[in-house]
Amino acid sequence: MKPVSRREFLKVAGLGAAATALAACAPSAAPAPNPAEPAAGEVKEAPAAVSSGELEGKLVFWGHQDHPIYSAGQAFMKKYPKVVFEQPEMAEWDKAVESALAAGSGLPDMVWHEATNVQRDARRGILLDVTDVVKKHEAELAPAKLSEALYQGKYWGMPGDITPNNLWWRPDLVEKAGVGPITEDIKYDEFLQMAKEVKAKTDASLFVMEETFDGQGTLMFAVPFYALGGNFTDETGEQVLLDNEIGMQAMEYAKQAWDTGAGLNAGWFSPPYWGAIKENKLAGTYSPPWMRGFFQTEVTTPEQGQGKWRNQLVPVYPGAVARTNVWGGATLVSFSTNPQPDLVKAFMEFTFCTMEGAQVTGDWGIIPPYIPWLKSEFKNAKQTLFEAGWDWTGEVVKAMNQMRNDFYRMPGYGIAYGALGKFVPAMLRGEKSIKDGMKEYGDYVRSENAKLLESLK
Amino acid sequence: MATQMSSAATVPVPTRPAVKTRRSVNARQVIRYGLLYAFLIALSIIFLFPFYSMVIGSMMPKDELFRLYPVLWPPDGPTLTAYRLLLKIDVTTTIQNLERFHILRYIFNSLLLATVAVLLQVFFNTLAGYVFAKRQFPFKNQLFAFILLTMLMPTAINFVPFYILIGRLGWMNTYLPFWIPGAASAFGIFMMRQFIVSTIPDELIDSATIDGASQIMIVTRIVMPIMAGGMVVLGILGFVSVYNEFVLSSLILKDNDIRTVQVALANFKGTSIRAPMYDLMFAGSVMATIPLLLIFFVFQRKIIQGIMSGAIKG
Amino acid sequence: MAAKAPPLPVSRSSVGAHRRPDARSVLREMWKHRTDYLFISPFYILFAVFGIYPLLFGIQLSLSRWQPGRDMTWVGLQNYQTLIFTDPELGRALLNTLAMLLWILPTGLGGALILAVMLNARRLAGRGFFRTIFFLPFVTSQVIVAIVFQQLLDKNYGWVNLLLGKIGLGPVPWLTETIPAQISITLLLHWMGIGTNVLIFLGALQSIDRELYEAAEIDGATSTQQFFNVTFPLIRPVMLFMVITATIGLINLYAPVKLLTNGGPEGTTLTLFMRMIDLMTSVRYGEGAGFGFIMGGIVLLITLLQMKFLSGWWTVEGNLKQ
C-alpha cells in the first residue's frame, strides 16, 4: 500500500534538510511583500516532465479566490499558449460540485479537495483515476501525502500541499516574560508552565484554545493525538478508534492546556484572533505551514511581529512516536466523467510534479509535495514572517520527517473533526470525565460513520 | 371591512367635541409622544449600530478591522481605500482576479434581476389573492388549502431536483430561474388574500360588477389602486429577498458578466482555508445596500397612502 | 360568524354547502367562473412544472439510497426508521427548534405589532425615517450582520461584555453557553425580522379607517381599548398569515443560526434545518429527504393546530366589538 518506504523518504528529505542547513548560512532571499504575489515571471527552467506534445483546450478550476492553483494556471498558460485556464470565483464550490453531479453537467475540470473528501468521493466512484500520472512520479512525491489520495490501490487525485504542524513562537515576547527560550527538546508540561508565566507577565498566549473547541484550538488535542500514534479511524475507515487509550491520553493533554487558562480564547480567523496576533498578544501557536500565507497577509510591519517568529518541532509528549501533526492540506482532483483527462493530467503533473509548478505554488505559500523541489528550491522560498536568520524551511523539513505513514484521513476523519466542538468543551470544563466524554464522542462518530459508509456504497 | 364601514356609520357622531378636557388631553399627548420618541430613538440606535459598523468598517484599513477589541472609529480617520480598490480607481493590487471584478455591473445585474421578478410577483399574486379573497367558485377552499400545503415543504428538498430541472430547461446562466418559477408564490398569494380580505369591502366589488365591469377591470381599476400599500409591502419583501438571494444564484449564475452582487461579494467572505477580506466585503456590501435603501425610502410612503386616497371614499 | 363561509376548514366546500349539486351543475358553475380560474392558474401551472417534479423526486429519494450520478436503490421506509430510532440529532434539534418557536413567535410578532402601531401614530413626525431604520437589518447582508453580532457578543472581546464589565457585571458567555446562546439567537432573529414584520403590519394598519378610531375616541375608549377593540380585530387576517408563515419560517430556521453559533455551543442550538443540510451535504441524500418530510409533517401538525384555534381569524367579519 505504501508506495515509498518511510526510510527512503527520510533519506531524500534528509538531504533536503542538509541542503537547507547549508543555505541558511547564505544571506536569505529578499522577502516578498505579499505571499499572494504571482511569481510566474520567476519560474526557473526545469527539465520538462510533461510530454512536449502541443496541449490545447480549456481548463476550468473551482476553488476560493486567491489560490495557488490559480498561480499554477497562469504559469501553465504561459507554457502552453493554446491552453486557457479559468477559475471562476466560487465561494461554496463543494455545494456547487454536488449540484453539478446531480444535474449531470456543469462540473469543472478540477477542484481542490480536502483529504477526507478525497477518500469519501473515491468510495463514491466519482473521481478521475489518475494512477498513471501519479505512479510515474511516485518516488518524487511525499509519501504521507500520497496515501491520502490512495484508495483500493489507485490514486484518485494529485497530492497537493503537505502540512506538517510546527510550534510557532515569538522569542521576543517569551523573553519579555523572563522565560525561555523554548528549546527543541522542551517537554509538554514545561511548555505549559512557560505558557502560564508568559500569560501572567505579558498577557500574551503561547497557544490558541477557543472554548468552543473548533479551528486552531483543536490542535491542542490533535497534535498529541497524532504524536502518540493515534488514529481517528483505521486504514479502511470502518473502525472508529478515536476513543481508545491514546485518544483519552491526548484529551488529557488538551485539558491540561485548558486548565492553565493561558490560551488565546478567540474564534479562529475572527477579528479578535487577528487582533491578538497583530497586537502581540499571541506569543505562540501550533500551526500548519500553509498558515504562513495568511499570517504574512495580515502581519505586515515589525510592530505587528513581522520577521519575529520562529518555527520548530512541537514540544515532546511523553511516549510520542512523532513530533508533528497533519492539519488541512488538499489534493487536486478531477471527475470520472471528465471529457479531457489527458489535459487534466498534464496540468496536474505540471503543477505538482515539475520544478516550475512546485516553484509557483511554493511561492504562493503552500508546500508542494514534490521532493526534488523540496530538496533544492524550498530553502529559497520567500517569506516575511520568520526571523531573517532562522532556518524555517529546515524546521518544516524536520517536521515533515516526523510525519507518519500510518495516519489515515478517511471519510470518518471529517465527521470526527467536525464533531469535536460538540463533545470536547464539556470535558474541558470538567462537567464530564474524559472517559465518559470520549466514549460518547466515539459512539457518535461510530454511528455517523457507519451511516455515511453505508450511503457511499 | 364591510362591517367595519357600516359600524363606523352607526356610531353617533356628537356635534360638539368635549372642549373642557382639551388642555389636559394635550398635556397627556405631549408626554405620550415624548415617551414614544424617546423609545423610538433608543431603539433606533440599537438598530442603527450594526449598520454603522458596516459603514465605518468599510472605511477602515484591514488592520483596524482586525483588532483584539473592536474600534468604533478608525484612529487615523476614515479612508476610501476599499472603495477605490473595488471601483479600481488608480490602485494596483495583488489580489487575484480583482481586475475582472466589476461591482457596478453586478449591482446593475441584481437590480435587473429583482425588478423583473418583483413586477411579475406582485401582479400575479395580487390577481390570485383577490380571487381567493373576494370570489366564490367551485373548489375554492380546496384550491386554497393546496396552496398553503405547498408552503410546508422544506425548500432544501427541492434543491437538487430543481437544479436538475433548470439544467434540462437550458436555463443555466440565465435569469429565468429567478423570474418564472417564483412569479406566483404561495407566500405572496396568501399574503395578498389576507390583505384584501381585511381591506376591500364586498359592496365595492358587487357594485362594480353590477355596473358591468369585467373582472380584469375590477382588479386593475379598483383592487390594485386600493391595495397599492399591500402591493408595495409584497414588492419590497420580494425585491430584497431576490436581490440578496445567494445559494441558488451562486450555482446558476456562473458567468462573470451576469453574476449578482451577492454572489460576487461572497468571494471576499473567506472560507475555512482563507481569511476573509473584511474591508472589501464591507465596502462592497455598503454599495450593494444603497440601492435597496433608496428603493425602500421612496416606496414606504406608499404603504401608508393606500386606502385613504383610494376609491372607497370616492 | 358572518354570511360568508370561512375558506377553511378544508373539508367544507363553499359550493352548495346546503345542497348537493350534481356534476353537470358543478361544471356549469365552473365554466361560469372561468376568469377566476384563469386568474389563479399561474400558481398551479408553475407548481406543476417546478413543484411536482421536485416533490415526487423528494418522496422517491426519501425511500431510496441515492447519490448524484447513481441509480436510486429502493430501501422502503429504512431512512425514516434510521432517522426516528437512531439519529443522534433529531430529538435535540426538534426540541431546540420548538423551544425557539415557543418564545420567538409570540414575542416577535407582538413586538412588531406594538412597534407598527407606534409608527402608525398620527402625529408622529419622521415616520419614514424610523421605518427605514427598523428596516435596515433586513437589507443588510446576513454575513455582515453575523460578523457584527459576533463582535458585539464575543465573551472576551465583545462590546456588550465590555459595557457590562464597566458596571461590574459579567462576562456573560453569550455564544458559548446554552441559555445565553439561545437568548443571543432570539435577539438576532428579532433584530433581523422585526423590520419585515413591522412592514407587513403597517400594510395592514393602513387598511383601518381612521373614522373608526375617531368614533371610538368620542366614545371615550382609551388607546389600549382602541387597540383591542378596533385595531386587533381588523388585522386578524393578516395576523393569521404572519403566525403561519413565521411558524414555517422558524421551523425552517437556518442561515442566522448557522452564521452566529453554527449550532454550538456543543450542539445546543442546532436546528432541524441545519441537521437536514448536514445530512444532505454529507452525501446522505435519502436520509436528508426523509428528514425534510418529517419536518414537513411537524410543520403541518403545528399549522393545523394553529388554524384550528385561530379559525375565526380568516376574515374580519364579526370581529368588531361595538
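None of these values were measured; they are calculated from a predicted model. Residue positions are given per chain, counted from 1 along the sequence in the order it is written. All chains are assigned letters beginning at A, and all ligands numbers beginning at 1, according to the order in which they are written. Local features in a predicted model are, by the rule used here, given only for residues with pLDDT of at least 70; side-chain atom pairs are given and counted only at 80 or more, and totals for whole chains, interfaces and linings are based on all residues. Hydrogen atoms and water are omitted, and side-chain values are computed over all heavy atoms in the structure.

A. Seen up close, the overall build of chain C. By definition, any uninterrupted DSSP run of H or I lasting at least four residues is a helix, any uninterrupted run of E lasting at least two residues is a strand, and each is numbered from the N terminus. Counting its regular elements, chain C contains 13 helices and two strands. Note on contacts: a residue pair is in contact if any heavy atoms of the two residues lie within 4.5 Å. Contacts in chain C between residues far apart in sequence, at least 24 positions, make up 64% of those at least 6 positions apart. Counting every atom, chain C has about 13,700 Å² of accessible surface; 65% of that belongs to carbon and sulfur. To measure how exposed things are, a 1.4 Å probe is used in the Shrake-Rupley method; for residues, cover is taken only from the protein chains shown.

B. Layout of the overall build of chain A. In terms of regular secondary structure, chain A is built from 18 helices and 10 strands. Here the analysis covers contacts within chain A between residues at least 6 apart in sequence; of these, 79% occur between residues at least 24 apart. Roughly 15,300 Å² of accessible area belongs to chain A as shown, and the carbon and sulfur atoms make up 53% of that amount.

C. How the structure looks around the interface of chain A and chain C. On the side of chain C, 27 residues touch chain A, which itself brings 27 residues to the contact. Think of a salt bridge as a Lys or Arg side-chain nitrogen and an Asp or Glu carboxyl oxygen that are within 4 Å of each other. For the pair chain A and chain C, the interface holds six salt bridges. Taking the shortest distance from any N to any O, the salt bridge between A:Arg429 and C:Glu266 comes out at 3.0 Å. Under this definition, polar contacts are N or O atom pairs within 3.5 Å; protein pairs additionally need one hydrogen-donor-capable and one acceptor-capable atom, and for neighbouring residues in sequence, both atoms have to be side-chain atoms. Counting every contact that joins chain A to chain C gives 16 residue pairs in polar contact (both at pLDDT 80 or more). Those elements giving two or more residues to the side of chain A that touches chain C turn out to be helix 3 (93–103), helix 4 (115–124), helix 11 (271–278), helix 17 (411–428) and helix 18 (434–456) of chain A. Of all the elements, helix 18 of chain A adds the most residues to the side of chain A that touches chain C, at seven residues. Gly falls in the polar group here, along with every residue not listed as nonpolar (Ala, Val, Leu, Ile, Met, Phe, Trp, Tyr, Cys, Pro) or charged (Asp, Glu, Lys, Arg). Grouping the amino acids of the side of chain A that touches chain C by side-chain chemistry returns 11 nonpolar, five polar and 11 charged.

D. Layout of the side chain of A:Asn311. All names here are of chain A. Inspection of the secondary structure assignment puts Asn311 in strand 9 (residues 310–312). At a separation of 2.7 Å, a polar atom in the side chain of Asn311 contacts the side chain of Trp390. There is a polar contact of 3.1 Å between the side chain of Asn311 and the backbone oxygen of Trp392. For Asn311, the contacting residues outside a window of four places in its chain are Asn166, Leu167, Trp168, Phe386, Trp390, Trp392, Glu395 and Val396.

E. Structural view of the pairing of strand 7 (residues 166–169) of chain A. Residue and element names in this part refer to chain A. In this scheme, a residue with accessible area under 20% of its type's maximum is buried, one over 50% is exposed, and one in between is partly exposed, where area comes from a 1.4 Å probe on protein chains only. Side chains Asn166 and Trp168 of strand 7 all project onto a buried face; the interleaved residues Leu167 and Trp169 project onto the opposite face, where all are buried too. For two strands to pair, DSSP has to find at least two bridges joining them. The pairing of strand 7 with strand 9 spans three bridges and is antiparallel. Among the inter-strand pairings, Leu167 is bridged to a residue of strand 9, identified as Gln312.

F. The arrangement of the confidence of the model for chain A in detail. The pLDDT score gives, residue by residue, the confidence of the prediction method on a 0 to 100 scale. With 88% of its residues at a pLDDT of 70 or more, chain A has an overall mean of 86. Overall, residues 1–50 of chain A carries pLDDT values under 50, and its contacts beyond four positions in sequence, including any with other chains, amount to 80 contacts.

G. Local environment of the interface of chain B and chain C. Counting residues at the interface gives 117 residues for chain B and 116 residues for chain C. The contact between chain B and chain C buries some 10,100 Å² in all, and 75% of this surface belongs to carbon and sulfur atoms. Between chain B and chain C we count one salt bridge in total. Residue B:Arg135 is joined to C:Asp36 by a salt bridge in which the shortest nitrogen-to-oxygen separation is 2.9 Å. At the junction of chain B and chain C, the tally comes to seven residue pairs in polar contact (both at pLDDT 80 or more). When two parts are brought into contact, each loses some accessible area as probed by a 1.4 Å sphere; the total of that loss over both is the buried area.

H. Inspection of the pattern of salt bridges at higher detail. Scanning the model with the defined rule gives 40 salt bridges over all chains in all. For the salt bridge of A:Arg429 with A:Glu431, the shortest nitrogen-to-oxygen distance reads 2.8 Å. Connected via shared salt-bridge partners are A:Glu448, C:Asp87, C:Arg275, C:Arg284 and C:Glu287.

I. Spotlight on the environment of C:Glu89. Tracing the sequence through the fold places C:Glu89 in the loop between helix 3 (78–86) and helix 4 (90–119). On the accessibility criterion, C:Glu89 (1% relative accessible area) is buried. As for C:Glu89 and C:Arg275, which are separated by 186 residues in sequence, their C-alpha atoms are 7.1 Å apart. Leave out the neighbours within four places in its chain, and C:Glu89 touches A:Lys422, A:Tyr444, C:Leu270 and C:Arg275. Side-chain polar atoms of C:Glu89 contact the side chain of A:Lys422, separated by 3.0 Å.

J. Layout of the sheet that holds strand 6 (residues 158–159) of chain A. All names here are of chain A. Strands sit in the order 2-1-3-10-6 across an open sheet of five strands; the sheet is mixed. Looking at the sheet topology across the chains shown, the edges are occupied by strand 2 (83–86) and strand 6. Inspection of the sheet shows strand 1 (residues 57–62) paired to strand 3 (residues 110–114) by two bridges, in the parallel sense. Residue Trp62 lies in a different strand from strand 3, and its bridge partner there is Val111. Sitting on the sheet, helix 4 touches strand 3 and strand 10 (330–333), and the angle it makes with strand 3 is about 110 degrees. Comment: axis = line fitted to C-alpha atoms, over the contacting stretch for helices; angle = value between 0 and 180 degrees taken between N-to-C directions.

K. Spatial organisation of the sheet that holds strand 7 of chain A. Residue and element names in this part refer to chain A. Read across the open sheet, the three strands follow the order 8-7-9; overall the sheet is antiparallel. Looking at the sheet topology across the chains shown, the edges are occupied by strand 8 (284–287) and strand 9. The sheet shows a mean angle of 25 degrees between the axes of neighbouring strands, direction not considered. Note that strand 7 and strand 8 share four bridges and pair antiparallel.

L. Layout of the packing of aromatic side chains. Two rings from Phe, Tyr or Trp (for Trp, the six-membered ring) form a pair when their centres are within 6.5 Å of each other. A pair whose planes differ by under 30 degrees is stacked, one over 60 is edge-to-face, and the rest are tilted. Scanning all chains against the criterion turns up 76 aromatic pairs over all chains. Measuring from ring centre to ring centre gives 5.1 Å for A:Tyr273 and A:Trp274, while their planes differ by 80 degrees; the resulting arrangement is edge-to-face. We note that A:Tyr273, like A:Trp274, is buried. Taking the centre distance of 5.3 Å and the plane angle of 70 degrees together, the rings of C:Trp66 and C:Tyr285 count as edge-to-face. Residue C:Trp66 is found in the loop between strand 1 (64–65) and strand 2 (73–74), and its partner C:Tyr285 is found in helix 13 (residues 285–309); the two are separated by 219 residues along the sequence. C:Tyr285 carries the same exposure label as C:Trp66, and that label is buried. Our definition puts a charge over a ring when NZ of Lys or CZ of Arg is within 6 Å of the ring centre and also within 35 degrees of the ring normal. Taking the ring centre of A:Tyr226 as reference, the NZ or CZ of A:Arg404 above it sits at 4.9 Å. In this arrangement the basic side chain of A:Arg409 is found over the ring face of A:Tyr413, its NZ or CZ atom lying 5.5 Å from the centre.

M. Highlighting the packing of helix 8 (residues 178–205) of chain C against helix 10 (residues 223–251) of chain C. All names here are of chain C. Packing of helix 8 against helix 10 leaves a shortest axis separation of 10 Å and a crossing angle of 145 degrees. Taken as a pair, helix 8 and helix 10 cross one another with a handedness that is right-handed. Only Thr231, Ile235, Val238, Met239, Phe241, Met242 and Leu250 of helix 10 make contact with helix 8, whose side of the interface consists of Leu189, Asn197, Ile200, Phe201, Ala204 and Leu205. The residue inventory of the contact of helix 8 with helix 10, partitioned by class, reads 11 nonpolar, two polar and no charged. Crossing handedness is defined as follows: a turn of the near helix away from the far one that is anticlockwise and smaller than a right angle gives a left-handed crossing, while the clockwise case is right-handed.

N. The arrangement of a nonpolar patch on the surface in detail. Residues with no salt bridge and a relative accessible area higher than 30% make up the patches, which join like charges within 9 Å and nonpolar side chains (Val, Leu, Ile, Met, Phe, Trp, Tyr) within 5 Å. On the surface, B:Tyr52, B:Leu72 and B:Trp73 cluster together into a nonpolar patch covering about 310 Å² of accessible area. The topology assignment puts B:Trp73 in the loop between helix 3 (62–65) and helix 4 (81–87).

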